[in-house]
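Chain and residue survey
For reference, the chains in residue letters:
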2 protein chains.
Amino acid sequence: MTTTEFQVTGMTCGHCEAAVREEVGQVAGVESLEVSAATGRLVVTSSAPVDDAAVVAAVDEAGYVAARA
Amino acid sequence: MTTTEFQVTGMTCGHCEAAVREEVGQVAGVESLEVSAATGRLVVTSSAPVDDAAVVAAVDEAGYVAARA
(Lines give C-alpha, C1' and ligand atoms only; values in the text may rest on other atoms or scores of the structure.)
Protein backbone atom coordinates (compact mmCIF):
# COMPACT_ATOMS: atom_id res chain seq x y z
CA MET A 1 0.00 0.00 0.00
CA THR A 2 1.10 3.53 -0.82
CA THR A 3 -0.19 6.70 0.76
CA THR A 4 -0.06 9.97 -1.16
CA GLU A 5 -0.91 13.34 0.33
CA PHE A 6 -2.56 16.26 -1.40
CA GLN A 7 -3.60 19.72 -0.28
CA VAL A 8 -7.11 20.73 -1.33
CA THR A 9 -8.36 24.29 -1.26
CA GLY A 10 -11.96 25.44 -1.21
CA MET A 11 -13.65 22.79 0.93
CA THR A 12 -15.77 24.29 3.69
CA CYS A 13 -17.93 21.53 5.12
CA GLY A 14 -18.82 17.88 5.31
CA HIS A 15 -20.72 18.06 2.04
CA CYS A 16 -17.52 19.22 0.36
CA GLU A 17 -15.60 16.34 1.90
CA ALA A 18 -18.25 13.92 0.64
CA ALA A 19 -18.01 15.33 -2.90
CA VAL A 20 -14.23 14.89 -2.91
CA ARG A 21 -14.53 11.42 -1.39
CA GLU A 22 -16.96 10.33 -4.08
CA GLU A 23 -14.83 11.51 -7.01
CA VAL A 24 -11.40 10.48 -5.70
CA GLY A 25 -12.76 7.10 -4.63
CA GLN A 26 -13.33 6.33 -8.30
CA VAL A 27 -9.69 6.86 -9.31
CA ALA A 28 -7.99 3.64 -10.45
CA GLY A 29 -6.09 1.90 -7.66
CA VAL A 30 -7.50 3.98 -4.80
CA GLU A 31 -8.29 1.70 -1.87
CA SER A 32 -9.29 4.29 0.71
CA LEU A 33 -8.91 7.94 1.49
CA GLU A 34 -9.14 10.49 4.24
CA VAL A 35 -10.20 14.05 3.59
CA SER A 36 -10.68 17.01 5.92
CA ALA A 37 -12.34 20.29 5.07
CA ALA A 38 -10.80 21.82 8.19
CA THR A 39 -7.21 21.20 7.13
CA GLY A 40 -7.64 20.65 3.38
CA ARG A 41 -5.61 17.47 3.76
CA LEU A 42 -6.38 14.57 1.43
CA VAL A 43 -4.56 11.30 2.01
CA VAL A 44 -5.05 8.63 -0.62
CA THR A 45 -4.18 5.00 0.03
CA SER A 46 -3.62 2.92 -3.09
CA SER A 47 -2.45 -0.55 -4.00
CA ALA A 48 0.17 0.89 -6.37
CA PRO A 49 1.49 4.47 -6.60
CA VAL A 50 -1.50 6.57 -7.61
CA ASP A 51 -1.58 8.78 -10.70
CA ASP A 52 -1.29 12.26 -9.17
CA ALA A 53 -2.88 13.89 -12.21
CA ALA A 54 -5.89 11.57 -11.95
CA VAL A 55 -6.40 12.53 -8.29
CA VAL A 56 -6.06 16.24 -9.09
CA ALA A 57 -8.56 15.82 -11.95
CA ALA A 58 -11.02 14.00 -9.67
CA VAL A 59 -10.81 16.78 -7.08
CA ASP A 60 -11.37 19.30 -9.87
CA GLU A 61 -14.42 17.32 -10.93
CA ALA A 62 -15.75 17.69 -7.38
CA GLY A 63 -15.26 21.45 -7.69
CA TYR A 64 -12.02 22.04 -5.76
CA VAL A 65 -8.32 22.51 -6.43
CA ALA A 66 -5.73 19.96 -5.29
CA ALA A 67 -1.93 19.90 -5.36
CA ARG A 68 0.43 17.12 -4.38
CA ALA A 69 1.64 17.93 -0.85
CA MET B 1 -48.64 34.06 -2.71
CA THR B 2 -46.93 34.72 0.60
CA THR B 3 -43.21 35.17 1.17
CA THR B 4 -41.72 34.38 4.54
CA GLU B 5 -38.14 35.08 5.51
CA PHE B 6 -35.91 33.05 7.78
CA GLN B 7 -32.33 33.40 8.94
CA VAL B 8 -30.29 30.19 8.72
CA THR B 9 -26.97 29.71 10.48
CA GLY B 10 -24.29 27.18 9.63
CA MET B 11 -24.44 27.04 5.84
CA THR B 12 -21.04 27.45 4.23
CA CYS B 13 -21.35 26.45 0.58
CA GLY B 14 -23.54 25.54 -2.34
CA HIS B 15 -23.91 21.97 -1.07
CA CYS B 16 -25.39 23.38 2.13
CA GLU B 17 -27.82 25.53 0.12
CA ALA B 18 -28.84 22.45 -1.88
CA ALA B 19 -29.48 20.46 1.30
CA VAL B 20 -31.73 23.22 2.68
CA ARG B 21 -33.47 23.61 -0.67
CA GLU B 22 -34.24 19.91 -0.83
CA GLU B 23 -35.75 19.70 2.66
CA VAL B 24 -37.65 23.00 2.69
CA GLY B 25 -38.99 22.31 -0.79
CA GLN B 26 -40.90 19.39 0.68
CA VAL B 27 -42.80 21.49 3.23
CA ALA B 28 -46.54 21.65 2.55
CA GLY B 29 -47.55 24.70 0.53
CA VAL B 30 -44.03 25.77 -0.46
CA GLU B 31 -44.02 26.86 -4.09
CA SER B 32 -40.45 28.10 -4.37
CA LEU B 33 -37.58 29.30 -2.26
CA GLU B 34 -34.36 31.24 -2.34
CA VAL B 35 -31.48 30.40 -0.04
CA SER B 36 -28.00 31.91 0.29
CA ALA B 37 -25.12 30.47 2.25
CA ALA B 38 -23.37 33.85 2.04
CA THR B 39 -26.11 35.74 3.85
CA GLY B 40 -27.98 32.90 5.57
CA ARG B 41 -31.18 34.32 4.11
CA LEU B 42 -33.97 31.88 3.27
CA VAL B 43 -37.05 33.25 1.55
CA VAL B 44 -39.96 30.88 1.16
CA THR B 45 -42.79 31.55 -1.26
CA SER B 46 -45.99 29.67 -0.50
CA SER B 47 -49.55 29.56 -1.74
CA ALA B 48 -50.88 30.09 1.80
CA PRO B 49 -48.99 31.32 4.89
CA VAL B 50 -46.39 28.66 5.58
CA ASP B 51 -46.08 26.82 8.90
CA ASP B 52 -42.98 28.43 10.40
CA ALA B 53 -42.31 25.43 12.62
CA ALA B 54 -42.40 23.11 9.62
CA VAL B 55 -39.79 25.23 7.81
CA VAL B 56 -37.58 25.37 10.91
CA ALA B 57 -37.91 21.58 11.27
CA ALA B 58 -37.00 21.06 7.61
CA VAL B 59 -33.89 23.22 7.97
CA ASP B 60 -33.00 21.25 11.10
CA GLU B 61 -33.39 18.05 9.07
CA ALA B 62 -30.86 19.45 6.59
CA GLY B 63 -28.46 20.03 9.48
CA TYR B 64 -28.81 23.77 10.12
CA VAL B 65 -30.63 26.16 12.46
CA ALA B 66 -33.30 28.54 11.21
CA ALA B 67 -35.30 31.30 12.86
CA ARG B 68 -38.11 33.41 11.46
CA ALA B 69 -36.55 36.71 10.39
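Residues numbered from 1 in each chain as written. Chains lettered and ligands numbered in written order. Predicted model: local features only at pLDDT ≥ 70, side-chain atom pairs only at ≥ 80, totals over all residues. Heavy atoms only, no water.

1. Points about the relation of the copies chain A and chain B
A rotation about an axis combined with a shift along that same axis relates the two copies of the chain. Applied cut-off: Copy-to-copy superposition: least squares on the C-alpha atoms, limited to residues that have pLDDT of at least 70 in both copies. Whether two residues are in contact is decided by their heavy atoms: any pair within 4.5 Å suffices.
At an RMSD of 0.0 Å, chain A and chain B line up after a rotation of 180° and a shift of 0.0 Å along the axis. On the angle and the small slide along the axis, the relation comes out as a two-fold axis. Of the residues that chain A buries at the interface, 100% are likewise interface residues in chain B, meaning the two copies contact each other through the same surface.

2. What to know about the sheet that holds strand S3 (residues 41-46) of chain B
The pairing of strands in a sheet comes from backbone hydrogen bonds and takes either a parallel or an antiparallel form. Residues and elements named next belong to chain B. Rule in force here: DSSP-based pairing: two strands are paired if at least 2 bridges between them are found. A run of H or I in DSSP counts as a helix once it spans at least four residues, and a run of E counts as a strand once it spans at least two, with each numbered from the N terminus. Axis definition: a line fitted to C-alpha atoms, over the contacting stretch in the case of helices. Angles run 0 to 180 degrees between N-to-C directions.
In spatial order, the strands read S2-S3-S1-S4; together these four strands make up an open sheet with antiparallel pairing. Either end of the sheet is taken by a strand with one partner, and the two such strands are strand S2 (30-35) and strand S4 (65-68). Mean inter-strand twist for the sheet, computed between neighbouring axes without regard to direction, equals 30°. Two strands pair when backbone bridges link them, and strand S1 (residues 2-9) and S3 are joined in this way by six bridges, in the antiparallel orientation. Directly across from Gln7, in S3, lies its bridge partner Arg41.

3. So, the UniProt feature "domain: HMA" (unreviewed entry) in chain A
Put simply, the test is: UniProt positions are given in the numbering used here, feature names are shortened, and annotations may be inferred rather than shown by experiment.
Mapped onto this numbering, the UniProt entry annotates "domain: HMA" (unreviewed entry) at residues 2-67 of chain A. Annotated as 33% helix and 35% strand, the span residues 2-67 of chain A places its first and last C-alpha atoms 17 Å apart.

4. Description of the nonpolar core
In plain terms, the rule: Throughout, nonpolar core names a set of buried Ala, Val, Leu, Ile, Met, Phe, Trp, Tyr and Cys residues whose side chains join them through atoms within 4.5 Å. Exposure classes here rest on a 1.4 Å probe applied to the protein chains alone. A residue is buried below 20% of its type maximum, exposed above 50%, and partly exposed in between.
Counting residues in hydrophobic clusters, the biggest one holds 44 residues, and the most contacted among them are Leu42(A) and Leu42(B). With sequence-adjacent residues up to four places away left out, Leu42(A) is seen in contact with Thr4(A), Glu5(A), Phe6(A), Val8(A), Val20(A), Val24(A), Leu33(A), Glu34(A), Val35(A), Val55(A) and Val59(A).

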